[in-house]
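Topology and contacts: notes
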Amino acid sequence: MSTTITETIQTQSDTKNYDQYSLDKLSPYVHPPETKAELPWSELVTLDLEDYDRPGGKDRLAKQLEHAVHHVGFFYVKNFGIDQKLVEEQFTLAKNFFELPVSEKEKYEVNYAAADYNGWRRPGRRLQATTRDNIEMYNFAKFTKDFEGKYDHPDLLKAHLPEIAWFQRTLHSNVVLPLLRLFAIVLQLPDEDYLVRQHIFEEKSEDHFRYMLYYPRTEEEWVAADYGKKGGHTDLGTVTLLFRQPVAGLQILGEDGEWTWVSAQPGTITVNLADTISHLTGGWLKSSVHRVVAPPEDQREYNRTGLLYFARPHNRTVLEPITDSPVLEKAGVKPRFDQLVTMEEWVRAKQTLQLNPDIAAKRYAESGDGTVEVLAGFRDKKYKE
Ligand SMILES: O=C(O)CCC(=O)C(=O)O
Ligand SMILES: [Fe+2]
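Residues numbered from 1 in each chain as written. Chains lettered and ligands numbered in written order. Predicted model: local features only at pLDDT ≥ 70, side-chain atom pairs only at ≥ 80, totals over all residues.

**Topic: the overall build of the chain**
Where we set the bar: Each helix is a run of H or I in the DSSP string that is no shorter than four residues. Each strand is a run of E no shorter than two, and both are numbered from the N terminus. Computation of the radius of gyration draws on C-alpha atoms, with the globule rule given as 2.2 Å multiplied by the number of residues to the power 0.38. Any residue with 12 or fewer other C-beta atoms within 10 Å of its own C-beta is exposed, any with 20 or more is buried, and the rest are partly exposed; the C-beta atoms used are placed from the backbone. Here, residues touch in the contact sense if the C-beta positions derived from the backbone fall within 7 Å of one another.
Within the chain, the secondary structure is distributed over eleven helices and 15 strands. Radius of gyration (C-alpha) of the chain: 20 Å, near the 21 Å computed for a compact globule of 385 residues. Along the first, second and third principal axes, the C-alpha atoms of the chain reach 60 × 50 × 40 Å. With 385 residues in all, the chain has 37% of them scored as buried. For the chain, the share of sequence-separated contacts (at least 6 apart) that also reach a separation of at least 24 residues comes to 77%.

**Let's talk about the nonpolar core**
Stated formally: A set of buried residues qualifies as a nonpolar core if it consists of Ala, Val, Leu, Ile, Met, Phe, Trp, Tyr and Cys joined through C-beta atoms within 7 Å.
Residues Leu65, Phe183 and Val239 are the most contacted members of the largest nonpolar core, which totals 76 residues. Sequence-distant contacts of Val239, defined by excluding residues within four places in its chain, comprise Val176, Leu179, Val271, Asn272, Leu273, Ala274, Ile277 and Ala311.

**A look at the environment of Lys158**
Among the structural elements, Lys158 can be located in helix H5 (residues 155-158). Separated by 176 residues in the primary sequence, Lys158 and Lys334 have C-alpha atoms spaced 46 Å apart.

**Brief notes about the sheet that holds strand E11 (residues 268-273)**
Under the convention used in this document: For two strands to pair, DSSP has to find at least two bridges joining them. Simply put, an axis is a line fit to the C-alpha atoms, just over the touching stretch for a helix, and the angle between two N-to-C directions goes from 0 to 180 degrees.
Pairing within the open sheet is mixed, and its eight strands lie in the order E1-E2-E11-E8-E13-E7-E6-E3. Both outer strands of the open sheet, strand E1 (46-48) and strand E3 (119-121), are each paired with one neighbouring strand and no more. Neighbour-to-neighbour, the strand axes of the sheet open up by a mean angle of 25°, direction not taken into account. Bridge analysis of E3 against strand E6 (residues 135-141) gives three bridges, and the strand direction is antiparallel. Paired with Gly119 across the strands is Asn139, a residue of E6. On the sheet, helix H3 (residues 84-98) packs against E6, strand E7 (208-214), strand E8 (239-243) and strand E13 (304-311) and is oriented at approximately 110° with respect to E13.

**Focus on the site of ligand 1**
Selection criterion: In this analysis a residue is considered near a molecule or strand if the C-beta atom, reconstructed from its backbone, is found within 6 Å of that molecule or strand. When residues are grouped by polarity, Ala, Val, Leu, Ile, Met, Phe, Trp, Tyr, Cys and Pro land in nonpolar, Asp, Glu, Lys and Arg in charged, and all others, Gly among them, in polar.
Taken together, Met212, Asp235, Leu242, Leu250, His290, Val292 and Gly306 form the complete shell of residues around ligand 1. Broken down by class, the residue content of the shell around ligand 1 amounts to four nonpolar, two polar and one charged.

**Quick notes on the pairing of E13**
Burial analysis of E13 places seven of its eight residues in the buried class, which makes it a mostly covered element. With seven bridges connecting them, E7 and E13 associate as antiparallel partners. Within E13, the residue paired with Met212 across the bridge is Gly306. The pairing of E8 with E13 spans four bridges and is classified as antiparallel. Bridge pairing in E13 links Val239 to Ala311.

**A word on the sheet that holds strand E10 (residues 259-261)**
What links the strands of a sheet is backbone hydrogen bonding, and the strands pair in either a parallel or an antiparallel sense. With respect to topology, three strands assemble into an open sheet ordered E10-E9-E12, the strand pairing being antiparallel. With one partner strand each, in any of the chains shown, E10 and strand E12 (290-292) form the two edges of the open sheet. Strand-to-strand twist across the sheet, computed as the mean angle between neighbouring axes with direction ignored, equals 30°. Across three bridges, strand E9 (residues 250-253) lies against E10 in antiparallel orientation. Following the sheet pairing, Leu253 is matched in E10 by Trp259.

**Considerations on helix H6 (residues 161-186)**
So the rule is basically this: Multiplying 1.5 Å by the residue count of a helix minus one yields the expected span of that helix. Each residue is assigned a bend, namely the angle between axes fitted to the seven residues that terminate at it and the seven residues that start at it.
For H6, with 26 residues, the first-to-last C-alpha span of 36 Å sits near the 38 Å given by 1.5 Å per residue. For H6, the principal kink sits at His172 and spans about 30°. Downstream of H6 by one or two residues, Gln188 has phi in the positive range, about 55°.

**What about the pairing of E11?**
Within E11, six of the six residues are buried, leaving the element largely enclosed by the surrounding structure. Of the two faces of E11, the one carrying Thr268, Thr270 and Asn272 and the one carrying Ile269, Val271 and Leu273 are both buried. Relative to E11, strand E2 (residues 74-78) runs antiparallel, the two being bridged by five bridges. Each residue of the ladder has a partner; that of Lys78, found in E11, is Thr268.

**Focus on the packing of helix H2 (residues 57-72) against H6**
Applicable threshold: Put simply, angles under 35 degrees are roughly parallel, angles over 145 are roughly antiparallel, angles from 65 to 115 are roughly perpendicular, and the rest are oblique.
Their axes nearest at 9 Å, the elements H2 and H6 cross at an angle of 75°. The angle between H2 and H6 places the two elements in the roughly perpendicular class. Contact with H2, carried on its side by Lys58, Asp59, Leu61, Ala62, Leu65, Glu66 and Val69, involves Arg181, Leu182, Phe183, Ile185 and Val186 of H6 and no other residues of that element. Here the contact of H2 with H6 is composed, by residue class, of eight nonpolar, no polar and four charged.

**Let's talk about helix H10 (residues 343-355)**
Operational definition: Regarding the arc, it is the one traced by the directions from the helix axis to the C-beta atoms.
The end-to-end C-alpha distance of H10, which contains 13 residues, comes to 17 Å, matching closely the 18 Å that a straight helix rising 1.5 Å per residue would cover. Within H10, burial applies to Met343, Trp346, Val347, Lys350 and Leu355. Summarising the axial view, the buried residues of H10 lie within an arc of 135°, below the 170-degree limit, and thus occupy one face.

Limitation: the analysis is restricted to geometry and does not speak to function.
Have a look at this one:
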């Protein structure tokens, strides 16, 4: 089934001559140098996914995760079965995409009003303190039958859709699904595949793969943006995968109320748990608050390029706490909504706020207490510092 889609994409690509976009003709992405600054780094565990298929490996990894998923919400994975060269190629595609003229990129612009994330999101739509954001993105929906023909792409990316589709699908099978089995083991679910079955790649869900770019700012601009310190948020899906890149900026809010910096461990993906997995466990699995702040001074001049994958359950999933987990039962977790809510409703509600800053600002102003009701009694809050 998967190959059919990939083959279709391949056939579509082949009807046109995309020679000029072959990787050897693109300007290669080069990682900026690492910072020499001494920063308070987060202490995160690293899961070696090579251990997953060895005897006893899953239990060992689940043990290693126990604290991280309940108290921290962030960890690294390594040895996830994607050649580093293919990762570098995705960075190169991202770089070359962002270098296209605006007149080309805006043909693929996100439909903000429809709360549709996929496509190109232009920088500067969101207010950050007293200035505009410096972030540009391009999101790819899953390459599955539900989205076939729905989104067009610039030729540069069309020339590489088979690789992009493969990359996205492989992240799902090599990282997301194994992690969901490990979470099930941590929760002591009788069925290790319980969460996996809510995340079947071929079924309709809003997972997406993203190229992201943070533009450098002058000192004046950083002052106006409050150094990004007010950008604390949680992500809306199941887990977010963030490829290693060296420009520091990502910070996590710890249980002690202190922000620490996520470091760039070569060959890793940084994983954070997000809202949906938290909803499914009544908050027991931690959707961690994080933000991206001004890089240390020796890295301020560089573009900060990101490759991310956002995993989400099927749209029809009901976001109630799982009932057959002894761990959740013992903790006495409660539903986080005051009525039954599906993933589709949750995505629309939270994405409407994320994509339409004016609507979000108005609703925060109306509530007056720094929080906003996203859906059915569940509230998000603004982090001031
Ligand atoms: O770029 C990063 O390091 C994190 C980005 C992020 O938090 C997000 O896109 O939700
Ligand atoms: Fe985030």
